[in-house]
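Listed here are the chains, written in short residue letters.
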Amino acid sequence: MPDAILVAVAWPYANGPFHVGHIAGAYLPADVFARYQRLRGNRTLMVSGSDCHGTPITIAAEREGISPQDVIRRYHPTFLKTFQALGISFDLFTQTYTDNHYRVTTDMFLRLLENGYLYKDTMVGSYSETLGRFLPDRFVEGTCPNCGYPRARGDQCDSCGHLHDPQDLIAPRSVLDGAPVTFRETEHFFLDLAKLEPPLRAWIESVDRSYWRANTLLFTQNWLREGLRGRAITRDLEWGVPVPVDDPTFKDKRIYVWFDAVIGYFSASIEWAERIGAPDAWKEWWVCLPDGSAPARSYYFIGKDNIPFHTIIWPAMLIGYGNLALPYDVPANEFLNLEGDKMSTSRNWALWAPEIEDRYQPDAIRYYLIANGPETRDSNWSWADFVQRVNSELVATWGNLANRVLSVTHRNFGVVPQPGALTDADRQLIAATQQTFERVTALLDGVKLRAALNEAMALAQAANQYLSEQEPWKLVKSDQERAATVLFVALRTVDTLKMLFCPFLPFSSQRLHELLGYTGTIAPQPQVEETQAPDGSPRLILTGDYAASAGAWGISVLAPGQPIQAPTPLFQKLDEAIVTEELARLHAKVRS
RNA sequence: GCCGGUGUAGCUCAGUGGUUAGAGCGAACGACUCAUAAUCGUUAGGUCACUGGUUCGAUCCCAGUCACCGGCACCA
């Protein structure tokens, strides 16, 4: 029985395009993992969608004088375009602005209320008189009561580091329009995290979590150590999922974005099931078995800024709802810096996905973002490094290996040659291939993507060494049988590498698959489809049929006689000149 | 302020309580020429941030110092 695997990916705010940090942090690792799981033959469901609610969307809409729906319609399609360009293979990438999501969120809210995990309380909110609405602390600034710095943020002073509440500020004002801010009491629903803490703690401690990344575990333990307290899950906003209670006080309030966004993993699974015409299919990933265990392993791919939401709050909600599968792992990534500096959208110091997705081969971008991925610590995108690694590793080591083996074979045999007796050197490479396959498999199972990619690359290097020693291009003139044997061993290694690289480099692995004379699909790609938004307007989703790759994961069994195509290079070598061009482009658009 | 992380060869990073601390890239030299001037080999050399401690012995354990970074829950 194959395993069921849920690949849940962070929901991006639909208020701007992706930058490479988003891709490296969540979407690409999730895709690599999902592709691997599908190749293994596991039932894999990869979902996410655009987060349509929340203050950033509202602000963006106001700034541009358009509706929140317009903001979503502007940016959601750019996400889909990036995913298609880079081959991010969602089973469903939807959005939170759907009838289904509203229904599921409402259900979750009511169920938690019914189960006694929600309570009402009043809090003091920062209120903008000019805008007529409450503001998040982030949108309030004023003079620091501690040091007198005039532009202290609502929650903390950037000058002296003093922590405070917005009410403590002298002359608090809105960062949106500079108008004075007052403070009003407002009633909200709270998620009773204090009440959910004991079962949450029991869940965390129920198994040895050392398979979680150290940072993820540490963050979670710190939160638990400090003790959990209730968290407001409604807001004074006009855009979002309505609060489903019969109470005029909540008529002008909405469910708060973090509460509804995490529900997206669940609602998107349900939407997916309905789309494929099997309305109960989502249960295979979500509904606990009679013994209470999870029916699937669910992996949440997120950035480190999202850890508490996925290891504390979302599990608490799932526990409160009852009988739903809790996360198995939360492979949170650190951040990707850009040329040594933290990316900043306000300064426009960012490398936007739409700027590069058409200029470079998707596999080159994918290679660099995984090989240099922020798995255990912040890492850095540098154009010089990008060019160097693509040229020396992807092109020179792997692409060239495939190319030279295919070229010699095609020219001299035209098909996979029939091997003769194996020598020690042959057996060594075959054994190394076997070992690498096992190591890569284990590393991918543990979501250690960077290490897995490095292992595969090391085998490509070993194969290059083997070729240099065996020199099949000379043997074809002196010893046809030996040449055939060497090329056969090399071809099988290349064929295995094709599979090992497939989750990482799906475009080139698919091409190589065909060059090797196969006809099937090992790396299916996603596609955009159209459906309807709640207001009746068309809305786009990303989906795909990935069944073709199921179960293909394995060591090569390439058979003699299979025709080999004349190869052309798998990867484009990059011109050094792009380093200065890209740096100039980057610096030209930066704001100070 | 509180909590936490990081500091290893020019660059990006592995790693371990124990004889001469590793890889890739870059650099130098050599080999080869099937392959996108790709590949293969050899070499370079770093007081493993600093100080002190535990230990027969520490880069790895402990304490302190310095530097950089992150979190501190209504930003998700």
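Calculation notes
Residues numbered from 1 in each chain as written. Chains lettered and ligands numbered in written order. Predicted model: local features only at pLDDT ≥ 70, side-chain atom pairs only at ≥ 80, totals over all residues. Heavy atoms only, no water. Helix = DSSP H or I, 4+ residues; strand = E, 2+ residues; numbered from the N terminus. Expected span 1.5 Å × (residues − 1). Buried < 20%, exposed > 50% of the residue type's maximum accessible area, 1.4 Å probe, protein only. Axes fitted to C-alpha atoms, helices over the stretch in contact; angles between N-to-C directions. Parallel < 35°, antiparallel > 145°, perpendicular 65-115°, else oblique. Left-handed = near helix turned anticlockwise from the far one by under 90°. Contact = heavy atoms within 4.5 Å. Nonpolar A, V, L, I, M, F, W, Y, C, P; charged D, E, K, R; others polar. Domains from an automatic or database assignment. Salt bridge = Lys/Arg side-chain N within 4 Å of Asp/Glu carboxyl O. Polar contact = N/O pair within 3.5 Å; in protein donor to acceptor, adjacent residues only side chain to side chain. Pairing = 2+ DSSP bridges. Core = buried A, V, L, I, M, F, W, Y, C linked by side-chain atoms within 4.5 Å. Near = heavy atom within 4 Å.

(A) Quick peek at helix α4 (residues 99-114). Look at α4: 22 Å from first C-alpha to last across 16 residues, which is about the 22 Å you get at 1.5 Å a residue. The complete set of buried residues in α4 reads N100, H101, Y102, V104, T105, M108, F109 and L112. Remark: G116 follows α4 within two positions and exhibits a positive phi of approximately 85°.

(B) A look at the packing of α4 against helix α9 (residues 307-321). Axis separation between α4 and α9 bottoms out at 9 Å; the angle between their running directions is 70°. The angle between α4 and α9 places the two elements in the roughly perpendicular class. Between α4 and α9 lies a crossing of left-handed hand. Between α4 and α9, the contacting residues are D107, M108, R111 and L112 on the first element and W314, M317, G320 and Y321 on the second. A per-class count over the contact of α4 with α9 returns five nonpolar, one polar and two charged.

(C) Here's a closer look at the domain arrangement of chain A. You can read the domains of chain A as domain 1 (4-98 + 105-109 + 257-353), domain 2 (114-250) and domain 3 (361-522 + 562-592). Computed from C-alpha atoms alone, the centre-to-centre distance between domain 1 and domain 2 is 22 Å. The interface of domain 1 with domain 2 comprises 39 residues on the first partner and 37 residues on the second. Where domain 1 touches domain 2, the interface holds zero salt bridges. Linking domain 1 to domain 2 there are eight residue pairs in polar contact (both at pLDDT 80 or more). For the side of domain 1 that touches domain 2, the leading source of residues is α9, giving 12 residues. Taken together, the residues of the side of domain 1 that touches domain 2 sort by class into 25 nonpolar, nine polar and five charged.

(D) How the structure looks around the sheet that holds strand β17 (residues 527-532). Read from one edge to the other, the open sheet built from seven strands follows the order β14-β13-β1-β2-β3-β18-β17, with strand pairing classed as mixed. The open sheet has two edge strands with one neighbour each: β14 (332-333) and β17. Packed on one face of the sheet, helix α7 (residues 257-275) meets β1 (4-9), β2 (43-50), β3 (92-95), β13 (297-303), β17 and β18 (538-543) and runs near 115° to β3.

(E) Inspection of the pattern of salt bridges at higher detail. Throughout the structure, instances matching the rule amount to 31 salt bridges. E197 is paired through a salt bridge with R201; the nearest N and O atoms lie 2.6 Å apart. Of this pair, E197 and R201 both sit in helix α5 (residues 193-205), separated by four residues, roughly a single helical turn. Across the pair D426 and R482 runs a salt bridge whose closest N-O atoms are separated by 2.7 Å. Residue D426 is found in helix α13 (residues 424-445), and its partner R482 is found in helix α16 (residues 480-501); the two are separated by 56 residues along the sequence. For D426, a relative accessible area of 0% puts it in the buried group. Residues participating in the shared-partner salt-bridge network are D31, R35 and R366.

(F) Structural view of the packing of helix α11 (residues 362-371) against helix α17 (residues 506-515). Running from N to C, α11 and α17 cross one another at 125°; their axes reach a closest spacing of 7 Å. Taken together, the axis directions place α11 and α17 in an arrangement best described as oblique. In this structure, α11 uses P362, D363 and R366 to contact α17, whose residues at the interface are P506, F507 and S508. Of the residues belonging to the contact of α11 with α17, the class tally is three nonpolar, one polar and two charged.

(G) Fine view of the nonpolar core. By size, the foremost hydrophobic cluster in this structure holds 178 residues, and its most contacted members are W286, W314, M317, W381 and W398. Among the elements that take part in this core, helix α1 (residues 20-40) stands out by supplying 12 residues, more than any other. Ignoring anything within four residues of it in the chain, the contact list for W381 reads V20, L336, N337, L338, E339, L351, I356, Y368, L369, N372 and F386. Among the nonpolar cores identified, the runner-up in size contains eight residues, and I59, F139, V140 and C144 belong to it.

(H) The arrangement of the protein's contact with RNA strand B in detail. The environment of RNA strand B is formed by 47 residues, the closest being R231, R235, Y256, D305 and K573. Sugar and phosphate atoms represent 63% of those atoms of RNA strand B found within 4 Å of the protein. Residue N403 places a side-chain N or O atom 3.1 Å away from a sugar or linking oxygen belonging to RNA strand B. Across the surface near RNA strand B, the residue classes break down as 18 nonpolar, 14 polar and 15 charged.

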